[in-house]
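Now for the letters of each chain:
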Amino acid sequence: MVKGVRFVDLIDAGDPVELATRYDAQGADELIFLDITASSDHRQTMVEWCPALPTKCSSPSPSVVASGR
């Protein structure tokens, strides 16, 4: 997971599941994950961590995982 403003100067923000767990504990009612470099890197969307969300968070309903592909 990365953080940035307008998709510029992206920095590594950590593991998506760990961050989702933190946001869930803070009361998030929706989680949206965008793999913004899948298209430019010519690869499939990274989704291998998605099955862990329901076991770690109560809020991934609704949740969205998307890319530019």
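Just so we're clear, the structure is a prediction, and the values are computed from it rather than from any experiment.

## So, the confidence of the model for the protein
And step 1. Confidence along the protein averages 82 in pLDDT terms, with 91% of residues attaining 70 or more.
And step 2. When the elements of the protein are averaged for pLDDT, strand β4 (residues 63-67) gives the smallest value, 72, and helix α1 (residues 16-25) the largest, 89.

## Overview of the pattern of salt bridges
And step 1. Summed over the entire model, instances satisfying the criterion amount to two salt bridges.
And step 2. As a salt-bridge pair, R43 and D35 come within 2.8 Å of each other at their nearest N and O atoms.
And step 3. The salt bridge involving R43 is made with D41; its shortest N-O contact spans 3.7 Å.
And step 4. Classification of D41 as partly exposed rests on a relative accessible area of 44%.
And step 5. Shared partners join several salt bridges into a network, and the residues in it are D35, D41 and R43.

## Remarks on the pairing of strand β2 (residues 8-12)
And step 1. Of all the five residues making up β2, zero are buried; the element is thus mostly uncovered.
And step 2. Relative to β2, strand β1 (residues 2-5) runs antiparallel, the two sharing three bridges. The partner of K3 across the bridge, within β2, is I11.
And step 3. In this antiparallel pair of consecutive strands, β1 and β2, the connection spans two residues, and R6 shows a positive phi of 55°.

The rules we used
- Residues numbered from 1 in each chain as written.
- Predicted model: local features only at pLDDT ≥ 70, side-chain atom pairs only at ≥ 80, totals over all residues.
- Heavy atoms only, no water.
- pLDDT = per-residue confidence, 0-100.
- Helix = DSSP H or I, 4+ residues; strand = E, 2+ residues; numbered from the N terminus.
- Salt bridge = Lys/Arg side-chain N within 4 Å of Asp/Glu carboxyl O.
- Buried < 20%, exposed > 50% of the residue type's maximum accessible area, 1.4 Å probe, protein only.
- Pairing = 2+ DSSP bridges.

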